[in-house]
Amino acid sequence: MILQIADDQRVRTLTLNRPEVLNAFNEELYHATATALNEAADDPDVAVVLLTGAGRAFSAGNDLNEMQRRITDPAFNEQGSHFSTMIDALADFPKPLICAVNGVGVGIGTTILGYADLAFMSSTARLKTPFTSLGVAPEAASSYLLPRLIGRQNAAWLLMSSEWVNADEAHRMGLVWKVCEPDDLLPEARRHAEVLASRPISSLTAVKQTMVAPTLEGIAAATERENQQFAVLMGAAANAAALADFTGKRSQ
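Counting starts from 1 at the beginning of each chain's written sequence and moves along it residue by residue. For a predicted model such as this one, the threshold for reporting local features is a pLDDT of at least 70, and the threshold for listing and counting side-chain atom pairs is 80 or more; totals across whole chains, interfaces and linings nevertheless cover every residue. By convention in this description, side-chain values take in all heavy atoms of the structure and omit both hydrogens and water.

1. Observations concerning the sheet that holds strand S4 (residues 57-59)
Strand order in the open sheet formed by 4 strands is S4-S6-S8-S9, and the pairing between neighbours is mixed. Unpaired on one side and paired on the other, S4 and strand S9 (165-166) mark the two borders of the sheet. Two strands qualify as a pair provided that DSSP identifies no fewer than 2 bridges between them. Segments assigned H or I by DSSP are reported as helices when at least four residues long, segments assigned E as strands when at least two residues long, and all are numbered from the N terminus. Pairing between strand S6 (residues 104-106) and strand S8 (residues 126-128): 2 bridges, direction parallel. The residue of S8 that forms the bridge with Gly105 is Leu127.

2. Some details on the nonpolar core
Within the largest apolar cluster, 58 residues are counted, with the highest numbers of intra-cluster contacts made by Met86, Ile108, Leu113 and Tyr115. Should any heavy atoms of two residues lie within 4.5 Å, those residues are considered in contact. The contact partners of Met86, leaving out residues within four places of it in the chain, are Phe25, Tyr30, Thr33, Ala34, Ile108 and Ile112. What we call a nonpolar core is a set of buried Ala, Val, Leu, Ile, Met, Phe, Trp, Tyr and Cys residues that are connected through their side-chain atoms within 4.5 Å. Note on classification: 1.4 Å probe, protein chains only; a residue is buried when its accessible area is under 20% of the maximum for its type, exposed when over 50%, partly exposed between these limits. Listed in part, the 15 residues of the second largest apolar core include Leu118, Phe120, Cys180 and Leu185.

3. Overview of unusual backbone geometry
Unlike most non-glycine residues, Arg10 shows phi in positive territory, near 65°. Checked against the element boundaries, Arg10 lands in the loop between strand S1 (3-8) and strand S2 (11-16). With phi around 60°, Ala141 is a residue other than glycine that occupies positive phi space. Position of Ala141 among the secondary structure elements: in the loop between S8 and helix H6 (142-150). Of the residues examined, Ala141 reaches a relative accessible area of 0% and is grouped as buried.

4. Overview of helix H4 (residues 83-92)
Every buried residue belonging to H4 is among Phe83, Met86, Ile87, Ala89, Leu90 and Ala91, and all of these are buried. Tucked inside the fold, the buried residues of H4 contact helix H1 (27-42), strand S5 (97-101), helix H5 (108-111) and helix H11 (216-233).

5. With respect to the environment of Arg12
For Arg12, the location among the structural elements is in strand S2. Since its relative accessible area comes to 9%, Arg12 is described here as buried. Sequence-wise, Arg12 and Leu149 are 137 residues apart; in three dimensions their C-alpha atoms are separated by 25 Å. A polar contact is formed between the side chain of Arg12 and the side chain of Asp43, at a distance of 2.9 Å. Pairing of N or O atoms within 3.5 Å defines a polar contact, subject to two protein rules: one partner must be a possible hydrogen donor and the other a possible acceptor, and residues neighboring in sequence count only if both atoms are side-chain atoms.

6. A word on the sheet that holds S5
Each strand in a sheet pairs with its neighbour through backbone hydrogen bonds, running either in the same direction (parallel) or in the opposite one (antiparallel). The strand order S1-S2-S3-S5-S7-S10 describes an open sheet built from 6 strands, whose pairing is mixed. Looking at which strands have only one partner, the edges of the open sheet turn out to be S1 and strand S10 (178-180). Averaged over all pairs of adjacent strands, the angle between their axes in this sheet comes to 20°, without regard to strand direction. As judged from the 6 bridges shared by S2 and strand S3 (residues 48-53), these two strands associate in the parallel manner. Paired with Thr13 across the two strands is Leu50, which belongs to S3. Orientation is described by lines fitted to C-alpha atoms, with helices fitted over the stretch in contact, and by angles between N-to-C directions that extend from 0 to 180 degrees. Along the sheet, H1 makes contact with S1, S2, S3 and S5, crossing S2 at roughly 180°. Each of S1, S2, S3, S5, strand S7 (118-122) and S10 is contacted by helix H9 (residues 185-197), which is oriented at about 175° to S5, the strand it contacts most.

7. Topic: the packing of aromatic side chains
By convention, a stacked pair of Phe, Tyr or Trp rings (six-membered ring in the case of Trp) has centres within 6.5 Å and planes under 30 degrees apart, an edge-to-face pair has planes over 60 apart, and any other such pair is tilted. In the structure shown here, the tally under the stated rule is 3 aromatic pairs. Judged by centre distance (4.9 Å) and plane angle (15°), the ring pair of Phe25 and Tyr30 falls under stacked. Members of the aromatic cluster, each reached through a chain of ring pairs, are Phe25, Tyr30 and Phe83. The criterion for a charge sitting over a ring is simple: Lys NZ or Arg CZ within 6 Å of the ring centre, and within 35 degrees of the ring normal. Here Arg126 stacks its cationic end above the ring of Trp164, 4.0 Å away from the centre of that ring. Residue placement shows Lys178 over the ring face of Trp177; its charged tip is 4.5 Å from the ring centre.

8. A closer look at the pattern of salt bridges
The salt bridge criterion pairs a side-chain nitrogen of Lys or Arg with a carboxyl oxygen of Asp or Glu, the two atoms within 4 Å. Considering all chains together, one arrives at 8 salt bridges under this definition. With its nearest N and O atoms 2.8 Å apart, the salt bridge here joins Asp117 to Lys208. Here Lys208 lies in helix H10 (residues 201-212) and Asp117 lies in the loop between H5 and S7, a separation of 91 residues in the sequence. Residue Arg190 is joined to Glu194 by a salt bridge in which the shortest nitrogen-to-oxygen separation is 2.9 Å. Of the two residues, Arg190 and Glu194 both sit in helix H9, 4 residues apart, roughly one turn of that helix. One salt-bridge network, in which partners are shared between bridges, spans Asp7, Arg12 and Asp43.

Next comes the structure, spelled out in structure tokens:
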């Protein structure tokens, strides 16, 4: 099962479960995560969703082998992507969303934090958005959400440099709310989730709706801009070379 789902005390824990590829998102995992978020939104017994990863990674981001296939296989590319399905589910999710970053978070494994109401991070975890190293554009409305969350210059460095950011730096930036020792991460995230889950869902959703409503138009507009840039850059010289280098190393 590529996404583990567990309920306890009105908290639904979603665990990305492709540890053999560091929980990289393929089409199946995008779709499964979107479906789980939509089901949790509609479930009157779920007050909070907690998202984490199995094994030593939170998520290594987009499955680059699938990205390479989009360039080389027109039939696969014409099928569209459930990436946007998941982003829509995140943007529309009406209840508190807590992320527990247990290990490396790359690409969407970092930009998903723009949708988190609370983010906890293991002291040994690291984050990176490798868009420029892959010759592509930002994703998941991160060009809009991250400057609002962490400030223009922090967002510029994160999105432009393709460099790693450690837990202390992520906390300083405001990208995550709390840093925990690895063994304390899930207990601490769950403790906070259960505090929220003890409150009336109607009140939780009212708070969240009033907080996120001003951002929805900005998210939609940023997503459209990013998709346009991504369409131009994906498969262009810099991106093709980066993906060829990646897949070549993986096959050696």
